[in-house]
Amino acid sequence: MISANLAAIFYLVSGILFILALRGLSSPDTSRQGNYFGIAGMIIAIVVTFLSIGNFSTSLVYVIMFLVIGGAIGAFIAFKIPMTAMPELVAGFHSLVGLAAVFVAIAAFLNPAAFNLGNVGDIKLASLIEMSIGAAVGAITFSGSIIAFLKLRGIMSGAPITFSGQHILNLILGIGIFVLIFYLCKTQSTNIFWTVIIISFFVGVLLIIPIGGADMPVVISMLNSYSGWAAAGIGFTLENTALIITGALVGSSGAILSYIMCKAMNRSFVSVILGGFGADNSADDKKEKKDQKPVKSGNAEDAAFLMKNASSVIIVPGYGMAVAQAQHALREMVDKLKKNDIKVTYAIHPVAGRMPGHMNVLLAEANVPYDEVFELEDINNDFANSDVAFVIGANDVTNPVAKTDPKSPIFGMPVLDVEKCKSVLFVKRSLSPGYAGIDNELFYKDNTLMLFADAKKMTEDIVKNLD
Amino acid sequence: MEIDPFIFRLSIFILSIFIGYYVVWSVTPSLHTPLMSVTNAISSVIIVGAIIAALAGTSESIFNTSSIFGFIAIILAAINIFGGFLVTQRMLQMYKKKKDKKK
């Protein structure tokens, strides 16, 4: 049994270790050390909690048992999950944080004495507000993340689901939650508490269903942020510094990532939330373009020839590469090119993939050195001086329309200036448009050679032809 | 007049948001995915609340309504803690491998 003051100091230490964990991610070299800081912080927080309760009854055995069960499940998932499925995994994990926050809030509401918050029916006002906000945000995080998970997994269509009056309904429900919390404080009614949680579950679903597949990177970051705010809300209830610090860190981290993602798509946060993006396939417009413009298409041999005679090649990977699992074949191709003294670099758009930094992880998995991988603003000027751009699985992020056509839904979005390369090799299965639902002008440029095939198969064929 | 302890916690909260703001902007974009998985893991420090709730049962009734919610929350948070830290570690390990190869 340790005193509450000592426990509070240890919680502060664990909060600081969490800050250092994030700080470590400023460079790959320090990142692993950062992760160890995070683990240390977590161990301190858990051990101190046990010590501060000091109630070593049979309950403790069960607590440790449940801890081990959860830990084993978590460890199993962590080792089994393929890197391409990281977005779903993170969405799934967010939902667990959200639900855990809801359950802790419920436990505190049903047994406030255990948390020093007063007695049943007479919970301290501030604590009641804090726990109901924590529970509401947690519930929104939970159901929202479940929807995001289903969309990312492809169990649910990525197309936005909208209906008239949707935003008004959300607004009414949002106000309803606040009104109910107000009455909850007056009456301490259990029924109102449950109602707040149930409405919040609905709000979570309603918030995410109208958001289309292309906006998924924003959604994941946003839910990341929510899970932080939920944790902070519970932290206030429990008067726990570690939880408050962590909640604030995670909340701001998610908010910054959402901001970065929105900026990379030139979309305002509000318009992402309101949703509907990815639905605007004006069908006639597409058809008209398709039968008018000719495309040049080639095969693996042409591609190999072009690259062999180049002196610099820039690879532009996108989510399609991940789906086709082509990253390892790609790495093989690059190795061959490098042997011929060809300079190869990778250009990554911030929204390539389904979550922030997803492409970087996939390339890292294929053993691509991270100093050959460049972000949009660092490499965009190099396209003009390069011989070949090899676009594999990316689409909208290379579309020059974003720079030229103010009517286009992606106008103003920062794109990779792929078309400035002497020649462009574009690996794609068909001429179908990308997630934004618009045609890519790049397909019809004179210096573009389309390689119609599965990304992995095409890359393997090119490797053969490079010999 | 005494200052409510809530104000102190609020101060910690606001200052932490600022710390988070500056720390996260310095995270290199190539590590944004590990950033998300590690923030996931650390936000599961909510497990401390779950442990308190779970241990609140008396020795006669280890499982009452409140503690059952605590126990379930322990499992959920534990999945996240172990899963989050381990998957982050796995990813960061990949960033190391090639570095060594180069040297």
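None of these values were measured; they are calculated from a predicted model.

Draft legend 1. Representation of the overall build of chain B in the model. Scanning chain B from terminus to terminus reveals 4 helices and 0 strands. Along chain B, helices and strands appear, N-terminal first, in the series α-α-α-α. Expressed as a percentage of its 103 residues, the buried residues of chain B come to 58%. Within chain B, contacts between residues at least 6 apart in sequence are counted, and of these 64% link residues at least 24 apart. Carbon and sulfur atoms provide 70% of the accessible area of chain B, an area that totals close to 4300 Å².

Draft legend 2. Region of interest: the sheet that holds strand β6 (residues 388–392) of chain A. All names here are of chain A. What the 6 strands build is an open sheet, ordered β5-β4-β3-β6-β7-β8; its pairing is parallel. What marks the edges here is a single partner per strand, and that holds for β5 (373–375) and β8 (448–452). The sheet shows a mean angle of 25 degrees between the axes of neighbouring strands, taken without regard to direction. Both strand β7 (residues 423–428) and β8 contribute to a ladder of 5 bridges, which runs parallel. Its bridge partner being in β8, F426 is matched across the sheet by M450. Most of the contacts of helix α12 (residues 300–308) go to β7, to which it runs at about 145 degrees, and overall it touches β3 (312–317), β6, β7 and β8.

Draft legend 3. Summary view of the confidence of the model for chain B. Residues with a pLDDT of 70 or more make up 89% of chain B, whose mean pLDDT is 86. Predicted complex metrics record ipTM = 0.91 and pTM = 0.87.

Draft legend 4. How the structure looks around unusual backbone geometry. All names here are of chain A. Of note, N116 is a non-glycine position whose phi angle comes to about 60 degrees, a positive value. Since its relative accessible area comes to 63%, N116 is described here as exposed. Backbone geometry places D341, a non-glycine residue, at a positive phi of 60 degrees. Summarising the element assignment, D341 is placed in the loop between α14 (327–339) and β4 (343–348). A residue is classified by how much of its surface remains accessible, and D341, at 70% relative accessible area, is exposed.

Draft legend 5. Up close: helix α3 (residues 58–80) of chain A. With 23 residues, α3 of chain A should cover 33 Å at 1.5 Å per step; its first-to-last C-alpha distance of 34 Å lies within 8% of that length. Within α3 of chain A the residues assigned to the buried category are S59, L60, V63, F66, L67, G70, G71, G74, A75 and A78 of chain A.

Draft legend 6. Spatial organisation of the pattern of salt bridges. Taken as a whole, this structure holds 11 salt bridges over all chains when the rule is applied. Across the pair E239 of chain A and R9 of chain B runs a salt bridge, and its minimum N-O distance is 3.4 Å. Separated into two different chains, E239 of chain A in the loop between α8 (216–238) and α9 (241–264) and R9 of chain B in helix α1 (residues 5–25) make up a pair that spans both. With its nearest N and O atoms 3.4 Å apart, the salt bridge here joins D417 of chain A to K420 of chain A. Under the relative-accessibility criterion, D417 of chain A is labelled buried at 10%. Its relative accessible area of 46% is what places K420 of chain A among the partly exposed residues.

Draft legend 7. Spotlight on the packing of α9 of chain A against helix α2 (residues 32–43) of chain B. Close contact between α9 of chain A and α2 of chain B brings their axes to 10 Å; oriented N to C, the two are set at 155 degrees. Viewed along their axes, α9 of chain A and α2 of chain B adopt a mutual orientation that is roughly antiparallel. Crossing handedness for the pair α9 of chain A and α2 of chain B: left-handed. Side by side, α9 of chain A and α2 of chain B meet where L243, T246, V250, S253, L257 and I260 of chain A of the first sit next to H32, L35, M36, T39, I42 and S43 of chain B of the second.

Draft legend 8. Broad picture of the pairing of β6 of chain A. Residue and element names in this part refer to chain A. β6 sits mainly inside the fold: 5 of its 5 residues count as buried. What you see with β6 is no split at all: V388, F390 and I392 on one side and A389 and V391 on the other are buried throughout. Relative to β7, β6 runs parallel, the two being bridged by 5 bridges. Among the inter-strand pairings, A389 is bridged to a residue of β7, identified as V424.

Draft legend 9. Structural view of the packing of aromatic side chains. All chains considered together, the criterion is met by 17 aromatic pairs over all chains. Pairing F109 of chain A with F193 of chain A gives two aromatic rings, centres 4.0 Å apart and planes at 5 degrees, and the pair type is stacked. With a gap of 84 residues between them, F109 of chain A in helix α4 (residues 86–110) and F193 of chain A in helix α7 (residues 190–208) connect regions that are remote in the sequence. Taken individually, F109 of chain A and F193 of chain A each receive the classification buried, so the pair is uniform in this respect. Measuring from centroid to centroid gives 5.3 Å for F236 of chain A and F13 of chain B, while their planes differ by 75 degrees, and the two rings are edge-to-face. Of this pair, F236 of chain A sits in helix α8 while F13 of chain B sits in helix α1, on two different chains. Take F236 of chain A: its relative accessible area is 8%, and that puts it in the buried class. Owing to a relative accessible area of 14%, F13 of chain B belongs among the buried residues under this scheme. What links up through ring pairs into an aromatic cluster is the set F103, F109, F193 and W194 of chain A together with F69 of chain B.

Draft legend 10. Quick peek at helix α3 (residues 47–55) of chain B. Of all 9 residues that make up α3 of chain B, 8 are buried, and the element is covered over most of its length. Of all the positions in α3 of chain B, only I47, V48, G49, A50, I51, A53, A54 and L55 of chain B are classed as buried.

Draft legend 11. Main features of the side chain of E372 of chain A. Residue and element names in this part refer to chain A. Considering the arrangement of structural elements, one finds E372 in the loop between α15 (358–365) and β5. Taking the relative accessible area as the measure of exposure, E372 reaches 14% and is therefore buried. Leaving out residues up to four positions away in the same chain, E372 has contacts with K338, V344, T345 and Y346.

Draft legend 12. Quick peek at the environment of G235 of chain A. Residues and elements named next belong to chain A. Among the structural elements, G235 can be located in helix α8. For the pair G235 and G247, spaced 12 residues apart in sequence, the C-alpha separation works out to 7.6 Å. When neighbours within four sequence positions are excluded, G235 is seen to be in contact with N240, L243 and I244.

Draft legend 13. Structural view of the environment of N5 of chain A. Mapping N5 of chain A onto the fold places it in helix α1 (residues 4–23). The spacing of N5 of chain A and S52 of chain A is 47 residues in sequence and 9.9 Å in space, taken between C-alpha atoms.

Draft legend 14. Summary view of the interface of chain B and chain A. Taken together, the contact pairs 81 residues of chain B with 102 residues of chain A. Summed over both sides, the interface of chain B with chain A buries roughly 8500 Å², with 79% coming from carbon and sulfur. The three residues of chain B that bury the most area against chain A are M36, I46 and L55 of chain B, which together make up 9% of that side's buried surface. Taken together, chain B and chain A are joined by 1 salt bridge. Between the two partners, chain B and chain A, sit 16 residue pairs in polar contact (both at pLDDT 80 or more). Elements with a minimum of two residues in the side of chain B that touches chain A: α1, α2, α3 and α4 (65–102) of chain B. With 34 residues, the top contributor of residues to the side of chain B that touches chain A is α4 of chain B.

Basis of the calculations
Residues numbered from 1 in each chain as written. Chains lettered and ligands numbered in written order. Predicted model: local features only at pLDDT ≥ 70, side-chain atom pairs only at ≥ 80, totals over all residues. Heavy atoms only, no water. Helix = DSSP H or I, 4+ residues; strand = E, 2+ residues; numbered from the N terminus. Buried < 20%, exposed > 50% of the residue type's maximum accessible area, 1.4 Å probe, protein only. Contact = heavy atoms within 4.5 Å. Areas by Shrake-Rupley, 256 points an atom, 1.4 Å probe, with all protein chains shown as cover. Pairing = 2+ DSSP bridges. Axes fitted to C-alpha atoms, helices over the stretch in contact; angles between N-to-C directions. pLDDT = per-residue confidence, 0-100. Expected span 1.5 Å × (residues − 1). Salt bridge = Lys/Arg side-chain N within 4 Å of Asp/Glu carboxyl O. Parallel < 35°, antiparallel > 145°, perpendicular 65-115°, else oblique. Left-handed = near helix turned anticlockwise from the far one by under 90°. Phe/Tyr/Trp six-rings, centres within 6.5 Å; stacked < 30°, edge-to-face > 60°. Buried area = accessible area lost by both parts, 1.4 Å probe. Polar contact = N/O pair within 3.5 Å; in protein donor to acceptor, adjacent residues only side chain to side chain.

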